[in-house]
Amino acid sequence: MTDTIFALATPPGRGAIAVVRLSGPGVESTLASLGAHRLKPRMASVRSLTHRGATIDQALVLRFVAPHSYTGEDAAELHLHGGRAVVEAASRALIALGVRPAEPGEFTRRAFQNGLMDLAQAEAVADLIDAETTAQAKQALGQLDGRLSESYAGFRRDLLHALALVEAEIDFPDEEVPDNLAQTAGPVLDRLIDDLRRAIDTGRRGERVRDGYRIVLIGETNAGKSSLFNALIAREAAIVTPIAGTTRDVLDAELVIGGYAVTLSDTAGLRDSDDPVEAEGVRRARARADQADLRLWVRAPGDATGAAADYARAGDLIVATKSDLCGQDLGDSLEVLSISTTTGQGLAALHDWIAARLSFDLAGSDFPAVTRERHRLRLMEALVAVEAGRIALDIAPEMAGDDLRRAAEALARVTGAIGVEDILGQVFSTFCIGK
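Residues numbered from 1 in each chain as written. Predicted model: local features only at pLDDT ≥ 70, side-chain atom pairs only at ≥ 80, totals over all residues. Heavy atoms only, no water.

### Comments concerning the pattern of salt bridges
This structure, assessed with the given rule, holds 27 salt bridges. Note that D293 and R208 form a salt bridge whose closest N and O atoms lie 2.9 Å from each other. Taken together, the positions of D293 in the loop between α9 (276–290) and β10 (294–299) and R208 in helix α7 (residues 185–211) put the pair 85 residues apart, joining distant regions of the chain. With respect to burial, D293 and R208 carry one shared label: buried. The partner of E280 in a salt bridge is R284, with the nearest N and O atoms 3.0 Å apart. (Salt bridge = Lys/Arg side-chain N within 4 Å of Asp/Glu carboxyl O. Helix = DSSP H or I, 4+ residues; strand = E, 2+ residues; numbered from the N terminus. Buried < 20%, exposed > 50% of the residue type's maximum accessible area, 1.4 Å probe, protein only.)

Structure below.
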């Protein structure tokens, strides 16, 4: 990291302010070349920026001295007027002075490599930038604060404690160490196995907060699924006609309910059909329903009860549509809400029911939610190794050491304590330029 980098840290295009960030050993000399002299660290100063005799802008400049900056290096921010010509002029000047454009995520990567944050916290920065709901932002902030990393570090400390007990008995058999010292690691490993299983269980919750909770509308043809879909997303996205089988494919829409991101899917009506296109639509509907976090079985008056009765699972909700036409006695064990998309009856209650379900499914558990598949895979790897080590402990303690070391390494890879070169590119390539 001997070169100096820069990037536009605000969205491109016309705006009141454009912020250009710099980081690296050449920041101070670059500022001096632009005419920004005698800057006090961490204090904003107005300077007239020039290059080769031409004025670039009258800008607000901030200078940060290593290690007291986001990256841990000498850094600076140029708060320019937000016109495209001004930003382009500043960029040309910086390149001419030997400062190169930053790669995606390079500022945060430097912060990680300089020890200002671990890998899990660095990923939280990307999640916070991408957050579109309050739940996503809250989860990302918790991870950025280090709560997830602290939990992983606690797991690793327990592992190393157990490993020390095992290796003390193996390495110093003739010394004055308690008999069966290795066996005292058993309760430690038992608790750790429970903790790892609980952490893995939060993976689905964390990923759903981050990526979106999947709700699928499913049911017979002409039950009112598309009308309900349009009502929930508050726009005419799905075609609605009296003709059965109008919807042939899966239609998705993104929305926010109760502060949580939701992907709502409208699907083809369930029925047997000789039409290969409709049959494919039904197959896709069933496949999407199998992957759903919540399925809303849409039922109109006179619909057969078999589809839901044969295919429903615990936690599904039956939505009785067209309640303005007639009352219904569905006789199902599942919870039922009656609505009418024509009059609006019951839609607020349905919205509240979904919001409560989201809160129940996604807000629980005190353990910070696992937010990425990379974390979950490493936790599963650690769990398998600890379980193997626990079995080996009762047979031959010397066999348990390798398993416990393997588990500790898997946990360390989550935060980037060891073995990170193979994943750095994958992690930071998802960042935006300027972070």
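Having seen the structure, we can now continue with the description.
### Let's talk about the sheet that holds strand β1 (residues 5–8)
One open sheet accounts for six strands, arranged β3-β4-β5-β2-β1-β6; its pairing is mixed. Of all the strands in the sheet, just β3 (45–51) and β6 (100–101) have a single pairing partner and so form its edges. Looking at chain direction, strand β2 (residues 15–23) and strand β5 (residues 75–82) are connected through eight bridges and run antiparallel. When the bridges of β5 are listed, L22 appears paired with A76. Each of β1, β2 and β6 is contacted by helix α3 (residues 106–113), which is oriented at about 135° to β1, the strand it contacts most. (Pairing = 2+ DSSP bridges. Contact = heavy atoms within 4.5 Å. Axes fitted to C-alpha atoms, helices over the stretch in contact; angles between N-to-C directions.)

### Focus on the nonpolar core
Within the largest apolar cluster, 31 residues are counted, with the highest numbers of intra-cluster contacts made by F155, L159, L196, L379 and V386. Counting only elements with at least two residues in this core, the list comes to α6 (147–171), α7, α12 (373–395) and α13 (397–415). F229, I257, L294 and L337 belong to the second-largest nonpolar core, a separate cluster that totals 30 residues. (Core = buried A, V, L, I, M, F, W, Y, C linked by side-chain atoms within 4.5 Å.)

### With respect to the environment of E132
Position of E132 relative to the elements: it lies in the loop between α4 (119–130) and α5 (134–144). According to the relative accessible area criterion, E132 is exposed, its value standing at 71%.

### Quick notes on α3
What sets the pattern is the α-helix's 3.6 residues per turn: residues three or four places apart point alike. α3 sits mainly inside the fold: six of its eight residues count as buried. Here α3 has its buried residues at E106, F107, T108, R110, A111 and F112. With its phi angle positive at about 80°, G115 sits one or two positions after the end of α3.

### Some points on the packing of α7 against α12
Two elements in contact, α7 and α12, have axes whose closest approach is 9 Å; the angle formed by their N-to-C orientations is 160°. With respect to each other, α7 and α12 are oriented roughly antiparallel. The chirality of how α7 crosses α12 is left-handed. Between α7 and α12, the contacting residues are A185, G186, L189, D190, L192, I193, L196, R197, A199, I200 and E207 on the first element and E373, R376, L379, M380, A382, L383, V386, E387, R390 and L393 on the second. (Parallel < 35°, antiparallel > 145°, perpendicular 65-115°, else oblique. Left-handed = near helix turned anticlockwise from the far one by under 90°.)

### What about the pairing of β3?
The pairing of β3 with strand β4 (residues 54–64) spans seven bridges and is antiparallel. Across the sheet, residue V46 finds its bridge partner in β4, namely L60. Taking the residues between adjacent antiparallel strands as the criterion, β3 and β4 are bridged by two residues, where R52 takes a positive phi near 55°.

### Let's talk about the side chain of Q143
The residue Q143 is located in helix α5 in this model. Assessed through its relative accessible area of 3%, Q143 is described here as buried. When sequence neighbours within four positions are dropped, the list of residues in contact with Q143 reads A120, Q121, E123, A124, D127, L148, T371 and H375.

### Remarks on the environment of L22
Residue position: L22 is located in strand β2. Note on L22: relative accessible area 1%, which makes it buried. A sequence separation of 77 residues divides L22 from V99, and the C-alpha atoms of the two residues are 8.4 Å apart. Once residues within four sequence positions are removed from consideration, L22 is found in contact with I5, F6, V27, T30, D74, A75, A76, L78, L94 and F107.

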